[in-house]
Amino acid sequence: MRWETVGPFHRCGMNWILLVIAGIFEVVWAIGLKYTDGFSRFWPSCGTITAMVVSMSLLGYAMKSLPVGTAYAVWVGIGAVGTAILGIVLFSDSVNLLRLLSLLMIVIGIVGLKVSTP
């Protein structure tokens, strides 16, 4: 694979780092939705929309060299796990053993996708 075809980030695994950052921004916008009050609050809405744009942009860039299915699944997985954890911490969402085991299985799936991707 030539350098020019995938960009400078491919060689050092930077696209995986960008994908993780995109997932973190997905958590930010998902939690931000709660604070927008249906997009009726200006500043929380601005922050949420900004996080959405950043998240999607980084995901799109990471997909230049990562398989689409893997990149999307990892992005969604990070968002789902992060949002669920922050929901527990910030909004007192319910927590029980089955829920925690389910989140752990998502994390195992994310790690499995990373390990199995060339």
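Draft legend 1. Representation of the overall build of the protein chain within the structure. When its secondary structure is counted, the protein chain shows 5 helices and 0 strands. What you see in the protein chain, going N to C, is helices and strands ordered as α-α-α-α-α. With 118 residues in all, the protein chain has 31% of them scored as buried. Across the protein chain, the fraction of contacts at a sequence separation of at least 24, relative to all contacts at a separation of at least 6, is 64%. For the protein chain, the accessible surface area stands at approximately 7,300 Å², while carbon and sulfur atoms represent 73% of it.

Draft legend 2. Representation of the side chain of Asn-15 within the structure. Mapped onto the fold, Asn-15 is located in helix 2 (residues 14-36). A polar contact of 2.5 Å, which involves the side chain of Asn-15, links it to the side chain of Ser-65.

Draft legend 3. View of helix 2. Taking 1.5 Å as the rise per residue, helix 2 with 23 residues should run 33 Å; its terminal C-alpha atoms sit 32 Å apart, in good agreement. Along helix 2, the residues that are buried comprise Asn-15, Trp-16, Leu-18, Leu-19, Ala-22, Gly-23, Glu-26, Val-27, Trp-29, Ile-31, Gly-32 and Thr-36. Along its buried surface, helix 2 packs onto helix 3 (42-62), helix 4 (68-91) and helix 5 (97-116). One or two steps after helix 2, the chain reaches Asp-37, where phi turns positive at roughly 55°.

Draft legend 4. Here's a closer look at the confidence of the model for the protein chain. Per-residue confidence for the protein chain gives a mean pLDDT of 91; residues scoring 70 or more make up 90%. For the protein chain, per-element mean pLDDT is lowest for helix 1 (residues 3-6), which scores 46, and highest for helix 3, which scores 97.

Draft legend 5. Highlighting the packing of aromatic side chains. According to the stated counting rule, one finds 3 aromatic pairs in the structure shown. With a centroid separation of 5.7 Å and an interplanar angle of 45°, the aromatic rings of Tyr-35 and Phe-91 are classed as tilted. Remark: Phe-91 occurs in helix 4 and Tyr-35 occurs in helix 2; sequence separation between them is 56 residues. By relative accessible area, which is 38% here, Tyr-35 ends up partly exposed. It is Lys-34 that lies over the ring of Phe-91; its NZ or CZ is 5.6 Å from the centre.

Draft legend 6. Looking closely at the side chain of Ser-55. Following the sequence through the fold, Ser-55 ends up in helix 3. At a separation of 2.9 Å, a polar atom in the side chain of Ser-55 contacts the side chain of Trp-75. Other than its neighbours up to four places away in sequence, Ser-55 contacts Ala-22, Phe-25, Glu-26, Trp-29 and Trp-75.

Draft legend 7. Up close: helix 3. In this model, helix 3 (21 residues) spans 30 Å end to end at C-alpha, consistent with the 30 Å of a helix rising 1.5 Å per residue. Those residues of helix 3 that fall on the buried side of the exposure criterion are Ser-45, Thr-48, Ala-51, Ser-55, Leu-58, Leu-59 and Ala-62. The buried side chains of helix 3 occupy one side of the element, clustering within an arc of 165° when seen end-on. Those residues of helix 3 that are exposed and aimed more than 90 degrees away from the buried face are Phe-42 and Trp-43.

Draft legend 8. Just unusual backbone geometry, in detail. The phi dihedral of Asp-37 falls on the positive side, at around 55°, and the residue is not glycine. Here Asp-37 shows up in the loop between helix 2 and helix 3. Asp-37 sits in the exposed class, given a relative accessible area of 54%. Located in the positive-phi region is Phe-39, a residue other than glycine, with phi close to 60°. Relative to the helices and strands, Phe-39 is located in the loop between helix 2 and helix 3.

Conventions used here
Residues numbered from 1 in each chain as written. Predicted model: local features only at pLDDT ≥ 70, side-chain atom pairs only at ≥ 80, totals over all residues. Heavy atoms only, no water. Helix = DSSP H or I, 4+ residues; strand = E, 2+ residues; numbered from the N terminus. Buried < 20%, exposed > 50% of the residue type's maximum accessible area, 1.4 Å probe, protein only. Contact = heavy atoms within 4.5 Å. Areas by Shrake-Rupley, 256 points an atom, 1.4 Å probe, with all protein chains shown as cover. Polar contact = N/O pair within 3.5 Å; in protein donor to acceptor, adjacent residues only side chain to side chain. Expected span 1.5 Å × (residues − 1). pLDDT = per-residue confidence, 0-100. Phe/Tyr/Trp six-rings, centres within 6.5 Å; stacked < 30°, edge-to-face > 60°. Lys NZ or Arg CZ within 6 Å of the ring centre and 35° of its normal. Arc of directions from axis to C-beta.

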